[in-house]
Amino acid sequence: MKKYTRVEKRIRKVPHTRGGVQRTVDQEYEVEVFVPPRDWDNIVRNGVGAITGVMGAVTLAWSTASIGGLLSIAVDPDPVAYLAAGVFDAGWMTCAAMEWLNRYDSRKAELPRIAGHVLLALAMAAVYADGHLAGSWVIGAIGAAVSLIAKGMWALTMSQYSRPLDPLTQQWLDQADDEAVARLAELHRTKQIRAAEYRCAAEAAALAIQPAPFALPTAPNPPAARDSKDQDVAPPNGETPRTPLTDKGAPGPEQLELPHEDVVRRLAPPGQSVRTTTQTAVASGLQEQPDVLRYVQSIHGAGVNAATVDRYRRGFIREAG
């Protein structure tokens, strides 16, 4: 009787003492382990699968050559005809693969099975037509049988792996599959939502730092136009009278008043210096040191050096004459 065991060498840690000092060292030892007998069922099953795959490849090549020759009569160039011919057998082979993927779910496997039979019939008809046009219906029938034999081998191989399930087990697996798919869909949608939120945040940040054209500030509540007889009346509390609006409805530069409260702080464009901001303020009609400083600080922050801003302001005023 054949002995289904073999001897293997293994290593274990053992204490070893020399000169009164103990250390842990590796010791090699042998052990007899059980070796299962050769699984001939699995070997045969794998062999059948390999043979079926080879037959499928041969069938694909044969049908492509046969149907391609048939289509090349009406299609030029020939490579296009042979590419189209490959669709016939590749179609039912793809359906067989989908049937394999659903071998534990007979309901999902039914549609690929029916589609595979239809595509197989079309491929056999095309091969038979090529043989019939060649002058021999026998050649056409034998050529069509090649695809039929390959499809039959696929069906037999599938029957060895597929296992029909009882209704209760099938329902239990369907519910488990639905729950797993729902979690997967939730993760996928969450990833899409996070990506959309990131794009929104990135776009908002980009818009916040983009340079925008300088807008002339106006008073929050501009006074309504008054009659000519009221324009000569001095305002109370010694305030400086305002010049009426121009024809275009906008005040002149000398009447600009920069609102300093309840205004969202401006963001300096990338690379803009305090000197450039000061030049913009002076060019917009701001002349007094407090007004210019307040404007520059509203853009660059309160840490701006007031003496530097004032030096820039006086220089731009001198240049403007």
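Residues numbered from 1 in each chain as written. Predicted model: local features only at pLDDT ≥ 70, side-chain atom pairs only at ≥ 80, totals over all residues. Heavy atoms only, no water.

Engineer: Can you help me understand the overall build of the protein chain in this one?
Structural biologist: Scanning the protein chain for helices and strands turns up 8 helices and 2 strands. For the protein chain, with 321 residues in total, the buried portion stands at 20%. Residue pairs in contact within the protein chain that sit at least 24 positions apart in sequence constitute 60% of those at least 6 positions apart. As presented, the protein chain carries roughly 23200 Å² of accessible surface, and 60% of it is formed by carbon and sulfur atoms. (Helix = DSSP H or I, 4+ residues; strand = E, 2+ residues; numbered from the N terminus. Buried < 20%, exposed > 50% of the residue type's maximum accessible area, 1.4 Å probe, protein only. Contact = heavy atoms within 4.5 Å. Areas by Shrake-Rupley, 256 points an atom, 1.4 Å probe, with all protein chains shown as cover.)

Engineer: How should I be thinking about the pairing of strand β1 (residues 5-18) in this particular structure?
Structural biologist: Regular strands have side chains that alternate between both faces of the sheet. Looking at chain direction, β1 and strand β2 (residues 21-34) are connected through 14 bridges and run antiparallel. Looking at β2, one finds that K9 is bridged to E30. If you look at the hairpin formed by β1 and β2, you'll find 2 residues sitting between the two strands, and G19 has a positive phi there, around 60 degrees. (Pairing = 2+ DSSP bridges.)

Engineer: Can you walk me through the pattern of salt bridges in this structure?
Structural biologist: Working definition: two side chains of opposite charge can pair if their charged atoms are close together. Counted under the stated rule, the structure contains 11 salt bridges. The partner of E8 in a salt bridge is R10, and the shortest N-O contact between them spans 3.4 Å. Between R314 and D310 there is a salt bridge; the shortest N-O distance is 3.0 Å. You can see R314 and its partner D310 sitting in helix α8 (residues 306-320), 4 residues apart, about one turn around the helix. Salt bridges sharing common partners tie together R6, E8 and R10. (Salt bridge = Lys/Arg side-chain N within 4 Å of Asp/Glu carboxyl O.)

Engineer: How should empty space enclosed by the protein be read in this particular structure?
Structural biologist: Unoccupied space between atoms shows up once a probe the size of one water molecule is rolled over them. A full pass over the atoms with the stated rule returns 2 cavities of 30 Å³ or more. Approximately 40 Å³ is the volume found for the second largest cavity. Considering the residues around the second largest cavity, the lining is formed by A96, E99, K151, W154, A155 and M158. When contributions to the lining of the second largest cavity are tallied by element, the ones reaching two or more residues are α2 (78-101) and α4 (137-161). Top contributing element to the lining of the second largest cavity by residue count: α4, with 4 residues. Here the lining of the second largest cavity is composed, by residue class, of 4 nonpolar, no polar and 2 charged. (1 Å grid on protein atoms, 1.4 Å probe; cavity = no way out; pocket = protein on both sides within 12 Å on 5 of 7 lines; lining within 4 Å. Points joined across faces, edges and corners; volume = space filled by probe spheres on them. Nonpolar A, V, L, I, M, F, W, Y, C, P; charged D, E, K, R; others polar.)

Engineer: What is the right way to read the packing of aromatic side chains from this model?
Structural biologist: Where two aromatic rings form a pair, the distance of their centres and the angle of their planes describe that pair. Taken as a whole and judged by the stated rule, the model has 0 aromatic pairs. Note that R12 overlies the ring of Y29, its terminal NZ or CZ placed 4.3 Å from the centroid. Stacked on the ring of W40, the Lys or Arg R38 has its end atom at 5.8 Å from the ring centre. (Phe/Tyr/Trp six-rings, centres within 6.5 Å; stacked < 30°, edge-to-face > 60°. Lys NZ or Arg CZ within 6 Å of the ring centre and 35° of its normal.)

Engineer: Hey, could you run me through α2 in this one?
Structural biologist: Owing to its 3.6 residues per turn, the α-helix brings residues three or four apart onto one side. For α2, which comprises 24 residues, the first-to-last C-alpha distance of 35 Å matches the rise-based estimate of 34 Å (1.5 Å per residue) to within 8%. The largest bend in α2 is about 35 degrees, located at D89. Here α2 has its buried residues at A81, A85, G86, D89, G91, W92, M93, C95, A96 and E99. Along its buried surface, α2 packs onto α1 (40-71), α3 (106-133) and α4. (Expected span 1.5 Å × (residues − 1). Bend = angle between axes of the 7 residues up to and from the residue.)

Engineer: What exactly am I supposed to notice about the confidence of the model for the protein chain here?
Structural biologist: Regions with low pLDDT should not have their predicted coordinates read in detail. Predicted confidence across the protein chain gives a mean pLDDT of 79, with 79% of residues reaching 70 or more. Ignoring residues within four places in sequence, the model shows residues 210-214, a span with pLDDT below 50, making 5 contacts including any to other chains. This stretch, residues 222-234, has a pLDDT under 50; its non-local contacts, to residues over four places away or in other chains, come to 2 contacts. (pLDDT = per-residue confidence, 0-100.)

Engineer: I'm lost on α1 in this one. Help?
Structural biologist: A rise of 1.5 Å per residue sets the reference length of α1, with its 32 residues, at 46 Å; its end C-alpha atoms lie 46 Å apart and thus fit the reference within 8%. Taken residue by residue, α1 has T52, G56, T59, S63, T64, S66, I67, G68 and L70 as its buried positions. Residues of α1 that are buried make contact with α2, α3 and α4. Structurally, the start of α1 carries an N-cap: the backbone nitrogen of D41 is 3.3 Å from a side-chain oxygen of D39. (Polar contact = N/O pair within 3.5 Å; in protein donor to acceptor, adjacent residues only side chain to side chain.)

Engineer: For this particular structure, what's the right way to read the packing of α3 against α4?
Structural biologist: For any two helices packed against each other, the geometry comes down to the angle between their axes and how far apart the axes lie. Relative orientation of the contacting elements α3 and α4 amounts to 155 degrees, with a least axis distance of 7 Å. The orientation of α3 relative to α4 falls into the category roughly antiparallel. For the pair α3 and α4, the crossing hand works out as right-handed. Residues G116, H117, L120, M124, V127, Y128, G131 and H132 of α3 lie in contact with α4, whose contacting residues are W137, G140, A141, G143, A144, S147, L148 and K151. By residue class, the composition of the contact of α3 with α4 is 8 nonpolar, 7 polar and 1 charged. (Axes fitted to C-alpha atoms, helices over the stretch in contact; angles between N-to-C directions. Parallel < 35°, antiparallel > 145°, perpendicular 65-115°, else oblique. Left-handed = near helix turned anticlockwise from the far one by under 90°.)

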